[in-house]
Amino acid sequence: MSSNARKWGNHAAVAPISREPAPLPGTRADALAPLQTFVATLTALVDRQPDEPTIVAEGRAALAALIADDTWLPEEYTRPDPARYTQYRLYVDPQARFSVVSFVWGPGQSTPVHDHTVWGLIGMLRGAEDSLPFARAGDGQLVSAGDPVRLSPGTVEAVSPSLGDIHQVRNAFDDRVSISIHVYGADIGRVERAVYLPDGTRRSFISGYANPDSPNLVAR
């Protein structure tokens, strides 16, 4: 890990967490059935060790089914932070092959320009967000690589180093909370990634989670 690795935002510092899933006490299993189904589908998918296009295609369909219902996400994973966006850990595969998180955006909140280093799927659950893609120019500086992509409820976007991995995201609304469900091809809260300054300077960070000690929401 580089010496300039740091936290981004108000996420808790990364600490060892149990890889074994456990149900959240007091959560009704039937309410979490959509998430349970999604986790089972993704587990079966990564068990096959498919190539990235297959993961993206099949994972996109599974995530679209999950976000078609916005009633399953417990209220405690929908709470915004007044200062910055919040990333809640919902599920991490015991082998860290994928993770599922909820991103909660307060009114008008945005990220720095950042990358992911692994494949990712972003599904809009409530509200909307705008994703502005970036690419490196010949001189190494980052430049916008197209118009912002609007994600509305039910929309699923894919990112990866091969598809386009660098973007800046903001809540599309200045007067309401937006929530998206993200799936990544690693335990994303423990992955060293980077934010980028306007001149292209790269600064490492590890995001962690707002709830690093919480058990997985669903059991395998």
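To start, this report covers the structure provided alongside it. Remember, it's a predicted structure, so these values are computed and weren't measured experimentally.

For the rest of this paragraph, the subject is the environment of Ser131. By the secondary structure assignment, Ser131 is in strand β5 (residues 129-136). Overall, Ser131 belongs to the buried group, its relative accessible area being 2%. Separated by 35 residues in the primary sequence, Ser131 and Ile166 place their C-alpha atoms 9.8 Å from one another. Once residues within four sequence positions are removed from consideration, Ser131 is found in contact with Asp147, Pro148, Val149, Glu157, His167, Gln168 and Val169.

On to the pattern of salt bridges. Taken as a whole and assessed by the stated rule, the structure comprises eight salt bridges. For Asp70, the salt bridge is made with Arg126, and the minimal N-O distance between the two is 3.5 Å. Linking Asp70 in the loop between α2 (52-67) and β1 (86-92) with Arg126 in strand β4 (residues 120-126), this pair joins segments that are 56 residues apart in sequence. With a relative accessible area of 32%, Asp70 lands in the partly exposed category. Accessibility expressed as a relative area gives 26% for Arg126, which makes it partly exposed. Between Arg79 and Glu75 there is a salt bridge; the shortest N-O distance is 2.7 Å. Classification of Arg79 by relative accessible area gives partly exposed; the value is 43%. When salt bridges with common partners are traced through the structure, they connect Asp47, Asp93 and Arg97 into a single cluster.

This part is about empty space enclosed by the protein. By the definition in use, this model includes two cavities of 30 Å³ or more. Mapped onto the lining of the largest cavity, the elements with two or more residues apiece are β2 (99-105), β9 (167-171) and β10 (178-184). In terms of residue class, the lining of the largest cavity is built from seven nonpolar, six polar and two charged.

Turning next to the packing of aromatic side chains. Scanning all chains against the criterion turns up five aromatic pairs. Ring geometry for Tyr77 versus Tyr88: centroids 5.7 Å apart, planes at 85°, classification edge-to-face. Taken together, the residues Tyr77 in the loop between α2 and β1 and Tyr88 in strand β1 connect sequence positions eleven residues apart. Across the pair, Tyr88 and Tyr77 agree in class, each one buried.

What follows concerns the sheet that holds β2. Read from one edge of the open sheet, five strands run β1-β2-β10-β4-β8, paired in antiparallel fashion. Unpaired on one side and paired on the other, β1 and β8 (156-159) mark the two borders of the sheet. Across the sheet, the axes of successive neighbouring strands diverge by a mean angle of 25°, strand direction being ignored.

Bringing the nonpolar core into the picture now. In this structure, Leu63, Phe98, Val100 and Ile181 are the most contacted members of the largest nonpolar core, which totals 32 residues. At the level of secondary structure, the elements contributing two or more residues to this core comprise α1 (33-47), α2, β1, β2, β4, β8 and β10. Core analysis: the second largest hydrophobic core is formed by twelve residues, Val118, Val169, Tyr184 and Val191 among them.

Scoring rules and cut-offs
- Residues numbered from 1 in each chain as written.
- Predicted model: local features only at pLDDT ≥ 70, side-chain atom pairs only at ≥ 80, totals over all residues.
- Heavy atoms only, no water.
- Helix = DSSP H or I, 4+ residues; strand = E, 2+ residues; numbered from the N terminus.
- Buried < 20%, exposed > 50% of the residue type's maximum accessible area, 1.4 Å probe, protein only.
- Contact = heavy atoms within 4.5 Å.
- Salt bridge = Lys/Arg side-chain N within 4 Å of Asp/Glu carboxyl O.
- 1 Å grid on protein atoms, 1.4 Å probe; cavity = no way out; pocket = protein on both sides within 12 Å on 5 of 7 lines; lining within 4 Å.
- Points joined across faces, edges and corners; volume = space filled by probe spheres on them.
- Nonpolar A, V, L, I, M, F, W, Y, C, P; charged D, E, K, R; others polar.
- Phe/Tyr/Trp six-rings, centres within 6.5 Å; stacked < 30°, edge-to-face > 60°.
- Pairing = 2+ DSSP bridges.
- Axes fitted to C-alpha atoms, helices over the stretch in contact; angles between N-to-C directions.
- Core = buried A, V, L, I, M, F, W, Y, C linked by side-chain atoms within 4.5 Å.

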